[in-house]
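What follows is each chain in one-letter form.
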Amino acid sequence: MNLLLGTVLLLLVLPDAAGGQDSCAALRRGDRHHQCCDMAESEEQGNGTLSPDLPQRCPELGHSGSSACACLRERWLRLLQSAGLALHSGLAGLKVLLLNVSRAVTRDVLITFSPTEGPRMLNMTEKGKAGKIQLPREIFRSLSSRTVRVVVTVLNIQQLGMFKEVNQTGQVLDDTVVGIMVGETSISGLRDPVQLTFAHRQLPHDITPQCVFWDPSKGQAGGWRSSGCVTQPEDKRTVCSCDHLTFFTLLLNPALDRSTAQSLMAVATAGCGVAMAFSIFTIAFCIFLRCRFRSEETLCINLGLHMNLVGSLLLLNLAFLLNSGLSGGTQLGTCKVLGGFTHYCLLCCFTWMVLEGCHLYLLFVKVLGTYIRHYLAKLCLVGWGFPILVVGVAGAIDSYGKYGIQTTDQEVIVHLCWITSKHLLVHYITNCGYFGLIFLFNMAVFGVVTWKSCCLQHTGAVQGDRKAWKVALVAVGLFCLLGATWALVFLTYGTSSAPMLYLFTILNSLQGIFIFIWLVVLYYPKTKEMAGSLSHIIRHDKNTTVSQD
């Protein structure tokens, strides 16, 4: 009896593709369909196929991890890919287009689709706001049959109750999944990829579109993967280029979910509070050194620069704490002022970072011996004055106000007083663009300074008592001083950016602590010669230049 039942179940699976053999092995051993759904047995028809509305009749089919449900899911998916117009019998949430395409086709096959109208053929000259599928003609030329059947399905996953990944954070665009099947076999590794264009409204800046396909083997009951697909986002559409054919969709992933945002805010708040305390310690330590070594002009200028940079970090940490604590219930006018103040503090930090880089360039590269009157005062005029001009212009065009980070369900998870969403161009120019230029310049200066210091070490210009760990510490300190940790922000874009967001938040909220430790280790030695370690290298470089002249 068991042998007969196994034979019958095997015959039921044979019309499907061979890919279902693994998940259906338990059924061939004699398991019953009621392990997945009590009504599944009645859904089997006399010809060995399943009813296309099985997910609606069997809700657990979409999420159960049992082998019986896995078998039914795979068979149901293959049914969608191969049954064609036989499925189009008024089933809610499912629309199908069946085409017979010649192997000798001379143009790419174009198909348009929409969540409401489903798929249909697209004329070459037709333009519209619906989605589009472009099947390259090379697909058909590689097949053996003269005429190939193409099945395109457009599914509403809410109505069908399928294609829902466990713990999925992103939202499927319009709840729409597009399935493409050419011929009777699986097609992958396409050199000329299939292109799917998903039409949508202008997406919020904190939403990241991602082209994905359904992988039945992922997780407990299947899930979305992006391997083999390239995402090309545009203003009101996203183009997906994939090297295989299966079920595709566009996931709208929030840059932050609620739990991640709350964790990041907690980490940033704690880090900023500690950094403010160490910033005060750093300023006090710099004042102490300036008073003790007044005759060291270069050292005093260096410490003056560090004090201003740490002061800007102190103000930025204070602005962030005020922003995160008051932005939720403040009046619009107060929120605009707070947003402008936060933007000003951020620009001051960036400006003092580039001034640190310019100062290092003058000392190590130009080796200027000429005296610049009121040098530090002029730097202060630029460091604290230039951001006022930028913030003034941004405020004049009403750029500041209440800003909220939202999920795909339009749920606000973080309230801030910042540059509003209507003026994101101001953010991209004054923050992203400005810092990008500063980062490139400072990294170039860092490379030159590191190279010049190594040359001095090899030539014996620097005394041998300078240990390797101290040289390494100087390099790491300069790296942090020039704002390199802020460059991590460029790596926080995308669906897997949470680790980078945590790293960015931790490193930059603790930047004041790093600078304090660096200054203490570098300048604390009690002898005057070691306190001016940076000055020693510069003075020797000046003497070497003069002797060469």
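Cut-offs used in this document
Residues numbered from 1 in each chain as written. Predicted model: local features only at pLDDT ≥ 70, side-chain atom pairs only at ≥ 80, totals over all residues. Heavy atoms only, no water. Helix = DSSP H or I, 4+ residues; strand = E, 2+ residues; numbered from the N terminus. Buried < 20%, exposed > 50% of the residue type's maximum accessible area, 1.4 Å probe, protein only. Contact = heavy atoms within 4.5 Å. Disulfide = S-S within 2.5 Å. Core = buried A, V, L, I, M, F, W, Y, C linked by side-chain atoms within 4.5 Å. Pairing = 2+ DSSP bridges. Salt bridge = Lys/Arg side-chain N within 4 Å of Asp/Glu carboxyl O. Expected span 1.5 Å × (residues − 1). Arc of directions from axis to C-beta. Phe/Tyr/Trp six-rings, centres within 6.5 Å; stacked < 30°, edge-to-face > 60°. Patch = residues over 30% accessible without salt bridge, like charges linked within 9 Å, V, L, I, M, F, W, Y side chains within 5 Å. Areas by Shrake-Rupley, 256 points an atom, 1.4 Å probe, with all protein chains shown as cover.

1. What to know about the overall build of the chain
Next, step 1: Across its full length, the chain carries 17 helices and 15 strands.
Next, step 2: Split into buried and exposed, the 549 residues of the chain put 48% on the buried side.
Next, step 3: In the chain, the share of contacts with a sequence separation of at least 24, taken over all contacts with a separation of at least 6, comes to 72%.

2. A closer look at the state of the cysteines
Covalent bonding between the sulfur atoms of two cysteines defines a disulfide.
Next, step 1: A complete count under the given rule lists 3 disulfides for this structure.
Next, step 2: Paired by a disulfide, Cys-211 and Cys-240 hold their sulfur atoms 1.9 Å apart. Its S-S torsion of about -80° marks the bond between Cys-211 and Cys-240 as left-handed, since a negative value means left-handed. On the criterion of sequence distance, the pair formed by Cys-211 in strand 9 (residues 207–215) and Cys-240 in strand 12 (residues 237–242) is long-range, its members being 29 residues apart. Cys-240 carries the same exposure label as Cys-211, and that label is buried.
Next, step 3: Between the sulfur atoms of Cys-335 and its disulfide mate Cys-417 the distance is 2.1 Å. Judged by the sign of its S-S torsion, about -115°, the bond between Cys-335 and Cys-417 is left-handed. With Cys-335 in helix 10 (residues 332–366) and Cys-417 in strand 15 (residues 412–419), this pair connects stretches of sequence that are 82 residues apart.
Next, step 4: Given a relative accessible area of 0%, Cys-417 falls into the buried group.

3. Observations concerning the nonpolar core
Nonpolar side chains in soluble globular proteins generally cluster together in the buried interior.
Next, step 1: Within the largest apolar cluster, 62 residues are counted, with the highest numbers of intra-cluster contacts made by Phe-350, Leu-360, Leu-478, Trp-486, Ile-515, Leu-519 and Tyr-523.
Next, step 2: The element that contributes the greatest number of residues to this core is helix 10, accounting for 14 residues.

4. A closer look at the side chain of Ser-279
Next, step 1: Structurally, Ser-279 can be placed in helix 8 (residues 258–292).
Next, step 2: Leaving out residues up to four positions away in the same chain, Ser-279 has contacts with Val-310, Leu-314, Asn-317 and Gly-512.

5. Observations concerning the pairing of strand 7 (residues 176–182)
Put simply, side chains in a regular strand alternate between the two faces of the sheet.
Next, step 1: Of all 7 residues in strand 7, 7 are buried; the element is thus mostly enclosed.
Next, step 2: Of the two faces of strand 7, the one holding Thr-176, Val-178, Ile-180 and Val-182 and the one holding Val-177, Gly-179 and Met-181 are both buried throughout.
Next, step 3: Here strand 5 (residues 147–156) runs beside strand 7; their pairing, made up of 7 bridges, is antiparallel. Directly across from Val-152, in strand 7, lies its bridge partner Ile-180.
Next, step 4: Bridge analysis of strand 7 against strand 13 (residues 247–254) gives 2 bridges, and the strand direction is antiparallel. Each residue of the ladder has a partner; that of Gly-179, found in strand 13, is Phe-247.

6. Describing the pattern of salt bridges
Next, step 1: On inspection of all chains with the given rule, the structure shows 5 salt bridges.
Next, step 2: Across the salt bridge formed by Arg-137 and Asp-108, the nearest N and O atoms sit 3.4 Å from each other. With Arg-137 in the loop between strand 4 (131–135) and helix 6 (138–141) and Asp-108 in the loop between strand 1 (94–102) and strand 2 (109–114), this residue pair connects regions lying 29 residues apart in the sequence.
Next, step 3: What makes Arg-137 partly exposed here is its relative accessible area of 28%.
Next, step 4: A salt bridge links Asp-398 to Lys-336; its shortest N-O distance comes to 2.9 Å. Taken together, the residues Asp-398 in the loop between helix 11 (375–396) and strand 14 (400–406) and Lys-336 in helix 10 connect sequence positions 62 residues apart.
Next, step 5: Judged by its relative accessible area of 39%, Asp-398 falls in the partly exposed class.

7. Things to note about helix 14 (residues 498–509)
Next, step 1: Here helix 14 is 12 residues long and its end C-alpha atoms lie 16 Å apart, about the 16 Å a rise of 1.5 Å per residue gives.
Next, step 2: Looking only at helix 14, the buried set comprises Leu-501, Phe-504, Thr-505, Asn-508 and Ser-509. End-on view of helix 14: buried residues confined to an arc of 105°, all on one side of the axis.

8. Points about the packing of aromatic side chains
Next, step 1: Following the criterion strictly, the structure yields 14 aromatic pairs and no others.
Next, step 2: Counting every residue linked through ring pairs, the aromatic cluster contains Phe-350, Phe-435, Phe-439, Trp-486 and Phe-504.

9. Examining a nonpolar patch on the surface
Next, step 1: A cluster of nonpolar residues, Leu-318, Leu-322, Leu-326 and Phe-341, forms a patch on the protein surface that exposes about 300 Å² of accessible area.
Next, step 2: With 3 residues, helix 9 (residues 297–326) is the single largest residue contributor to the nonpolar patch.
Next, step 3: Along the chain, the position of Phe-341 falls in helix 10.

The quantities given are spatial measurements derived from coordinates; they are silent on function.
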